[in-house]
Amino acid sequence: MSSQQQKVDKEEWKKKIIESLKDVYDPEIPVDIVNLGLIYDLKITDEGDVYLKLGLTAPGCPVVDDLIYTVEQVIKESVPAKSVEVDIDLETQWTPLKMTAEGREKFKQLYGYDIVEMWVQTYGLPADEQKS
């Protein structure tokens, strides 16, 4: 096998991983982790190591170990990764503002209201998102 064939197509891997992770659902909100905006970082090395930083909708989530395991398995099934590391980000607080348009729509269909609108009405926009 030439070195050209061995080179990891990072963009292709990212697409496959993100697409596969749309089948992984948050235990609290029945929307997938991609559309909830819980994928904070995804790095792939030329050698095929995958690093994913994952947020949680609720700190102290009781099923965090199951979630990590599921995400690792989904990544391993979607690409031939040399190694997979899933890191939980407990520093960055998740808010509904991180959700994709698709995630908001799914939430609206499930619960009958727009979680982002309700969030903004309740808490206001964060200082860094307010227009002067």
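Residues numbered from 1 in each chain as written. Predicted model: local features only at pLDDT ≥ 70, side-chain atom pairs only at ≥ 80, totals over all residues. Heavy atoms only, no water.

Going by the annotation in an unreviewed UniProt entry, the name recorded for the chain is Metal-sulfur cluster assembly factor, with Sulfolobus tengchongensis given as the source organism.

**So, the packing of aromatic side chains**
This structure, assessed with the given rule, holds three aromatic pairs. Between Phe107 and Tyr111, the aromatic rings sit 4.5 Å apart at their centres with planes inclined by 40°, giving tilted as the arrangement. Residue Phe107 and its partner Tyr111 are both found in helix α4 (residues 101–111); the two are separated by four residues, about one turn of the helix. For Phe107, a relative accessible area of 4% translates into the label buried. Measuring from ring centre to ring centre gives 4.1 Å for Trp119 and Tyr123, while their planes differ by 40°; the resulting arrangement is tilted. Residue Trp119 and its partner Tyr123 are both found in helix α5 (residues 115–123); the two are separated by four residues, about one turn of the helix. Judged by its relative accessible area of 19%, Trp119 is buried. (Phe/Tyr/Trp six-rings, centres within 6.5 Å; stacked < 30°, edge-to-face > 60°. Helix = DSSP H or I, 4+ residues; strand = E, 2+ residues; numbered from the N terminus. Buried < 20%, exposed > 50% of the residue type's maximum accessible area, 1.4 Å probe, protein only.)

**Focus: the side chain of Asp114**
Structurally, Asp114 is set in the loop between α4 and α5. The buried category is assigned to Asp114, whose relative accessible area is 9%. Look past the residues within four positions of Asp114 in its chain and what remains in contact with it is Arg104 and Lys108. (Contact = heavy atoms within 4.5 Å.)

**Quick look at the environment of Asp46**
Structurally, Asp46 is set in the loop between β1 (39–44) and β2 (49–54). Assessed through its relative accessible area of 38%, Asp46 is described here as partly exposed. Residues Asp46 and Lys10, spaced 36 residues apart in sequence, show a C-alpha to C-alpha distance of 7.5 Å. A polar contact is formed between the side chain of Asp46 and the side chain of Lys7, at a distance of 3.5 Å. (Polar contact = N/O pair within 3.5 Å; in protein donor to acceptor, adjacent residues only side chain to side chain.)

**Digging into helix α2 (residues 10–21)**
Its 12 residues place the ends of α2 16 Å apart at the C-alpha level, agreeing with the 16 Å of an ideal helix rising 1.5 Å per residue. Of all the positions in α2, only Trp13, Ile17 and Leu21 are classed as buried. Along the long axis of α2, the arc covered by the buried residues comes to 60°, so they all point the same way. Along α2, exposed side chains directed more than 90 degrees from the buried face belong to Glu11 and Lys15. Residues of α2 that are buried make contact with β1, β2 and α3 (64–78). (Expected span 1.5 Å × (residues − 1). Arc of directions from axis to C-beta.)

**Section: the nonpolar core**
Core analysis: the largest hydrophobic core is formed by 34 residues, its most contacted members being Leu21, Ile33, Leu52, Leu54 and Val71. Of all elements in the fold, only α2, β1, β2, α3, β3 (83–88) and α5 reach the threshold of two or more residues within this core. Considering every element that reaches this core, the biggest residue donor is α3, with six residues. Leave out the neighbours within four places in its chain, and Leu21 touches Asp32, Ile33, Val34, Ile39, Leu52, Val71 and Val74. (Core = buried A, V, L, I, M, F, W, Y, C linked by side-chain atoms within 4.5 Å.)

**Examining the sheet that holds β2**
The sheet built from three strands is open, its strands ordered β1-β2-β3 with mixed pairing. If you trace the sheet from one side to the other, it starts and ends with β1 and β3, each paired once. Strand-to-strand twist of the sheet, defined as the mean angle between neighbouring strand axes without regard to direction, takes the value 10°. Examined bridge by bridge, β1 and β2 share five bridges and lie antiparallel to one another. Of the residues in β2, the one forming a bridge with Leu42 is Leu52. The sheet strands contacting α2 are β1 and β2, and the helix crosses β1 at an angle near 145°. Against the sheet, α3 makes contact with β2 and β3, and its axis sits at roughly 150° relative to β3, the strand it touches most. (Pairing = 2+ DSSP bridges. Axes fitted to C-alpha atoms, helices over the stretch in contact; angles between N-to-C directions.)

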